Amino acid sequence: MSKIHVSTQVNGDQVEFLCEPEETLLDVLRDHLNLTGAKEGCGTGDCGACSVTIDGRLVAACLVLGAEVEGSAVETVEGIGAPDALHPLQRQILQHAALQCGICTPGIIVAAKALLAQNPDPSEQEVRYWLAGNLCRCTGYDKIIRAVLAAAGEMRGENP
Amino acid sequence: MRYVVAKDSREVVDLLMEDKANLLLAGGTDVLVRMRLDERYPDRIIDIKKIPGVAEITEESGGFRIGAAVSGAQMGEHSQLKALWPGVVEAVELIGSTQVQGRATMAGNLCNGSPAADSVPAMLAAQAVARVEGPEGVSDQPVLALLDAPGQTKLGKAEFITSIFLPARPNLAGDAYLRFIPRTEMDIAVASAGVSLVLDEAGIVIEASVALGAVAPTAVMVSGAAQALIGTRLEAAPLQACAAACAAACSPIDDKRGTIEFRTKVAGVMACRAAITAYQRAGGQP
């Protein structure tokens, strides 16, 4: 079986890779590009742990073939913040203790960032609905929602 | 498996005519799940997203043509489409999570053939028409005519949907879709209803269509329920007659999501509530 050559942008860098037609974008990110931030929870689009954006659109990377991202711009959690310069979402998740095992966290950060990009001042209900496809089995969600709302406030320049 | 990006619809039809196991890929939110769960891959997966126009919403004759690869998120962001067919858009937006909305398509929802597909009753109520390309050329077929059985449509060999057309409508018109699920998000309809109404200046219903989902092997149109609403302002008696007609049209299954009895009753409740919302959207005061 011949591999497919794909040329795309990941977190702003031009990237080329070879993949099998069956491989998902999640397989490609984790196994070929060494970007293991996106997690495989279910592999069937139910859990949101593999959330990434393609051309700004939030998707589950397990429901996209690697070959489909030719010519696109993919953003993963690795493109958000840096160890010495955390994104407000990352900082607020830490401050609110909004994670325990951490498997869902990258997906939640990517999904929440996509929400705040189009709605900088979401209500609690809007955050809950937007993140309904990001499952967390540890925290009970409340701290996550509060962390996202706090990050939104911080990004709007409001004092905590 | 081979991955093929089709340049135009002709190429898709030619590929489908060959004696190979093919699957079409638009949003992929059903296709990729099925391939993975069954561990069965086709000979070829044909990506239709790069066909010109297929990922776009275009205005046409006062209505909107929704390309087969248009995502739910795109539909939700289109304010004119939402204003014309709010019920269809709300039905599509109920499918899956935000992540799924980024990819899932209305045409794919139809082709997946689920009796519980959220967009299908809304499309039936809207009298949506699918544009089908096939070996014989292009044809326009009512969505209703394509419904067949769980997991399959009446599309013929080498036929595929390139777009779905939602027609123009008068000013005093509205539609709505409602479903019952045991939680608030992320579930499959236990019973659902799409209703579209046109009113006259006096607020009397002059045209109606009512469709139900998840209560029969395919979504069903219930003309008796529509008839019950025509000539009324949705008073208690016509709504009761509408619910009774819906119950009579149900032939659901018992499963973990709901019993036959429950589905049969709830289908009518959904239809009446959707009718009231459609009526209000049309400018009526029930």
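Residues numbered from 1 in each chain as written. Chains lettered and ligands numbered in written order. Predicted model: local features only at pLDDT ≥ 70, side-chain atom pairs only at ≥ 80, totals over all residues.

Turning to the domain arrangement of chain A, a few remarks are in order. All names here are of chain A. When its domains are assigned, chain A resolves into domain 1 (4–79) and domain 2 (88–155). Using C-alpha coordinates to define each centre, domain 1 is positioned 21 Å away from domain 2. Listed as interface residues are 14 residues of domain 1 and, on the opposing side, 11 residues of domain 2. Residues that form the side of domain 1 that touches domain 2 fall into these classes: seven nonpolar, six polar and one charged. (Domains from an automatic or database assignment. Contact = placed C-beta atoms within 7 Å. Nonpolar A, V, L, I, M, F, W, Y, C, P; charged D, E, K, R; others polar.)

Time to look at the sheet that holds strand S12 (residues 191–199) of chain B. Sheet strands pair by backbone hydrogen bonding; their relative direction is either parallel or antiparallel. Residue and element names in this part refer to chain B. Judged by pairing direction, the sheet is antiparallel, and its four strands sit side by side in the order S11-S12-S13-S14 without closing on themselves. Two strands close off the open sheet at either side, each with one partner strand: strand S11 (173–180) and strand S14 (220–221). Relative to S12, S11 runs antiparallel, the two sharing eight bridges. Across the sheet, the residue bridging to Arg179 is Ser192, located in S12. In the packing of helix H12 (residues 260–281) onto the sheet, the strands contacted are S11, S12 and strand S13 (205–213), and the crossing angle to S12 comes to about 30°. (Pairing = 2+ DSSP bridges. Helix = DSSP H or I, 4+ residues; strand = E, 2+ residues; numbered from the N terminus. Axes fitted to C-alpha atoms, helices over the stretch in contact; angles between N-to-C directions.)

A separate point is the packing of helix H2 (residues 88–95) of chain A against helix H3 (residues 105–118) of chain A. Geometrically, a packed helix pair is captured by the angle between its two axes and the distance between the axes. Residues and elements named next belong to chain A. Relative orientation of the contacting elements H2 and H3 amounts to 130°, with a least axis distance of 10 Å. By the angle between their axes, H2 is oblique relative to H3. As H2 runs across H3, the sense of the crossing is right-handed. Across the interface between the two elements, Leu89, Gln90 and Ile93 from H2 touch Thr105, Ile109, Ala112 and Lys113 from H3. Across the contact of H2 with H3, the residue classes tally to four nonpolar, two polar and one charged. (Parallel < 35°, antiparallel > 145°, perpendicular 65-115°, else oblique. Left-handed = near helix turned anticlockwise from the far one by under 90°.)

All right, on to the interface of chain B and chain A then. Often, the extent of an interface is quoted as the loss of accessible area on bringing the components together. Between chain B and chain A, the contact holds 22 residues from the first and 22 residues from the second. Elements represented by at least two residues in the side of chain B that touches chain A include exactly strand S1 (2–5), helix H2 (31–38), strand S3 (44–47) and helix H6 (98–101) of chain B. Top element by residues in the side of chain B that touches chain A is H2(B). It accounts for four residues. Of the residues belonging to the side of chain B that touches chain A, the class tally is 10 nonpolar, seven polar and five charged.

This next bit is on the pairing of strand S1 (residues 4–10) of chain A. All names here are of chain A. Two strands pair when backbone bridges link them, and S1 and strand S2 (residues 13–19) are joined in this way by seven bridges, in the antiparallel orientation. If you follow Thr8 over to S2, its bridge partner there is Val15. Counted between consecutive antiparallel strands, the loop separating S1 from S2 contains two residues, among which Asn11 sits at a positive phi close to 50°. Pairing analysis gives two bridges linking S1 to strand S5 (residues 73–75), with the strands arranged parallel. Bridge pairing in S5 places Val10 opposite Val74.

A few words now on the sheet that holds strand S3 (residues 51–54) of chain A. Residue and element names in this part refer to chain A. With respect to topology, five strands assemble into an open sheet ordered S2-S1-S5-S3-S4, the strand pairing being mixed. Because the sheet does not close on itself, it has two edges, and the strands there are S2 and strand S4 (57–60). Strand-to-strand twist in this sheet, taken as the mean axis angle between neighbours without regard to direction, amounts to 40°. The pairing of S3 with S4 spans four bridges and is antiparallel. Looking at S4, one finds that Ser51 is bridged to Ala60. Contacts from H3 reach S3 and S4, with the element oriented near 40° to S3.

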